[in-house]
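# Topology and contacts: notes
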Amino acid sequence: MLVWEAYLKVKANKCAAGVDRQSLADFARGEKRNLYKVWNRMSSGSYFPPPVRAVEIPKSGGGVRVLGVPTVADRIAQTVVAMTLEPEVEPLFHPDSYGYRPGRSALDAVEVCRTRCWQSPWVIDLDIQDFFDTVPHEPILLAVERHTTVPWVVLYVRRWLTAPIQQADGSLTVRDRGTPQGSTISPLLSNLFMHYVRNVIAARLWSFGLRMHPGKTTIVHCVQEGRTRNGANVEFTFLGYTFRPRYARLRDGRWKSGFLPAVSKAAKKAMARVIRGWRLGRRTGLSFAEVAAMINRIVAGWINYYGRFYKSELISFLRDQINPHLVKWAMRKFKHLHRAPAKARRRIAHIAKTHRGLFVHWRHGALPSGSTTGAV
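It should be emphasised that the depicted structure is a prediction, and the values quoted were computed from it without experimental measurement.

Cut-offs and rules
- Residues numbered from 1 in each chain as written.
- Predicted model: local features only at pLDDT ≥ 70, side-chain atom pairs only at ≥ 80, totals over all residues.
- Heavy atoms only, no water.
- Helix = DSSP H or I, 4+ residues; strand = E, 2+ residues; numbered from the N terminus.
- Buried < 20%, exposed > 50% of the residue type's maximum accessible area, 1.4 Å probe, protein only.
- Areas by Shrake-Rupley, 256 points an atom, 1.4 Å probe, with all protein chains shown as cover.
- Lys, Arg positive; Asp, Glu negative; His and termini not counted.
- Charge placed at Lys NZ, Arg CZ, Asp CG, Glu CD.
- Salt bridge = Lys/Arg side-chain N within 4 Å of Asp/Glu carboxyl O.
- Expected span 1.5 Å × (residues − 1).
- Contact = heavy atoms within 4.5 Å.
- Pairing = 2+ DSSP bridges.
- Axes fitted to C-alpha atoms, helices over the stretch in contact; angles between N-to-C directions.
- Phe/Tyr/Trp six-rings, centres within 6.5 Å; stacked < 30°, edge-to-face > 60°.
- Polar contact = N/O pair within 3.5 Å; in protein donor to acceptor, adjacent residues only side chain to side chain.
- Bend = angle between axes of the 7 residues up to and from the residue.

## Concerning the overall build of the protein
Helix and strand counts for the protein stand at 15 helices and 9 strands. The buried share of the protein, taken over its 376 residues, is 41%. Accessible surface, the protein as shown: approximately 20500 Å² in total, 53% of it carbon and sulfur. One way to put it: in the protein the 58 positive side-chain charges average out to a point 12 Å from where the 26 negative ones average out.

Here you go:
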């Protein structure tokens, strides 16, 4: 049953509670009854989505991004429609479209971007200002109607587009445009909309009332060896990676200048904030192994993503950020190290040398000063 398959997807992805404050665990306690209710209402055309819960997420550049969090039941219903519509529209999308598409990842997009920067000397770094908040409804509905013969798909898409947003104070904001960022169906609808504007992006966006972000849309010159600099902008940031001229060692040992991606300053800032939030210096009740268990999963995620390209940039950052906190932890935990930072650093370096596998960033070469280094 489609509702059951959608439920399994929602469970696998996990999600926050919506306006009814019902968690996945709460939903699961009345699983059969709750799923039957979703199926019965959707199949009869009587399903009306509740408001989505507004959640503010700070932006790295300042300000906030407002996410619209659906209820668990509504997320399941949206997934049912997405699973019905996706097979019809997915084959239409451009091969260079990567966002929110099955079998494609952000790192795939970074890889293609890197290759294109080698092939072409210029890049347009384009950002659509407030896309999810301002995209008009009627063109989306026309696109959906064009690619499905299932009436209830169009019916429910229309209802989701106009479902209000509940603010933190309980007030409701009625929407006449936009599709909530954070809902299950929004990414698919956004990709479908963009499919019909990609060839003449600027003109079509303007006609729909959308604007390219003036502060985030620039032309960048991909400067590398063999290319003379011909432009003011020589870097841009994409999916957490900053592309700019960098030196890289070739297989024969020579160094060459290339236009390459590495972890961005904004990503480093966000990671540093998380590292400080661990307050390792105050975790003196934990053993060394327990500290490692606490942080390794998070650090492994960073390495898997930000270490894919120009890994040395990330590794040096992790070395300089995490290891000093481990030294502070040792100084506070062991009395003989309380006022001996140099001795604490040597102690941490010795542990790293003899137990390199303890911390995941050590395994990748982010070793404390004084320990044996390895290839990154």
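Read on for the rest.
## Re the pattern of salt bridges
As enumerated under the stated definition, the model contains 8 salt bridges in all. The shortest N-O distance in the salt bridge between R29 and D26 comes to 2.2 Å. Separated by 3 residues within a single helix, R29 and D26 lie in helix α2 (residues 24–29), roughly one turn from each other. Across the pair R114 and E111 runs a salt bridge whose closest N-O atoms are separated by 3.1 Å. Highlighted residues: R114 and E111, both in helix α5 (residues 106–119), separated by 3 residues, approximately one helical turn.

## Remarks on helix α13 (residues 311–333)
Structurally, the α-helix is built with 3.6 residues per turn, so residues lying three or four positions apart point the same way. With 23 residues, α13 should reach 33 Å at 1.5 Å per residue; the first-to-last C-alpha distance of 32 Å fits that figure. As for α13, its buried residues are in contact with β9 (255–263), α11 (265–278), α12 (288–306), α14 (341–354) and α15 (360–363).

## So, the sheet that holds β9
Strand order in the open sheet made by the 3 strands is β7-β8-β9, with antiparallel pairing throughout. Strands with a single pairing partner mark the edges of an open sheet, and in this sheet they are β7 (236–238) and β9. Each adjacent strand pair in this sheet contributes to an overall mean axis angle of 55°, direction not counted. Sheet topology note: the strand β8 (residues 241–249)/β9 ladder contains 9 bridges and is antiparallel. Paired with T242 across the two strands is A262, which belongs to β9.

## Let's talk about the packing of aromatic side chains
For the structure on display, the rule yields 19 aromatic pairs. Ring geometry for W329 versus F334: centroids 5.9 Å apart, planes at 90°, classification edge-to-face. Accessibility expressed as a relative area gives 2% for W329, which makes it buried. A residue is classified by how much of its surface remains accessible, and F334, at 33% relative accessible area, is partly exposed. An aromatic cluster is built from F288, W329, F334, F359 and W362, whose rings are joined through pairwise contacts.

## Section: the environment of E290
Looking at the element boundaries, E290 is found in helix α12. Of the polar contacts made by the side chain of E290, one reaches the backbone nitrogen of S287; its length is 2.8 Å.

## What about the pairing of strand β1 (residues 52–58)?
Summarising the sheet, β1 and strand β4 (residues 165–166) pair through 2 bridges and their orientation is parallel. Counterpart to R53 in the pairing with β4 is Q166. Both β1 and strand β2 (residues 64–69) contribute to a ladder of 6 bridges, which runs antiparallel. Bridging from a neighbouring strand, E56 pairs with V66 of β2.

## Some details on the sheet that holds strand β5 (residues 172–173)
Reading across from one edge, β2-β1-β4-β5 is the order of the 4 strands in this open sheet, with mixed pairing throughout. Only two strands of the sheet have a single neighbouring strand rather than two, namely β2 and β5.

## What to know about α12
Taking 1.5 Å as the rise per residue, α12 with 19 residues should run 27 Å; its terminal C-alpha atoms sit 26 Å apart, in good agreement. The largest bend in α12 is about 40°, located at N296. Looking at α12, one finds that the buried residues are F288, V291, A292, I295, N296, V299, W302, I303 and Y306. For α12, the elements touching its buried residues are β8, β9, α11, α13, α14 and α15.

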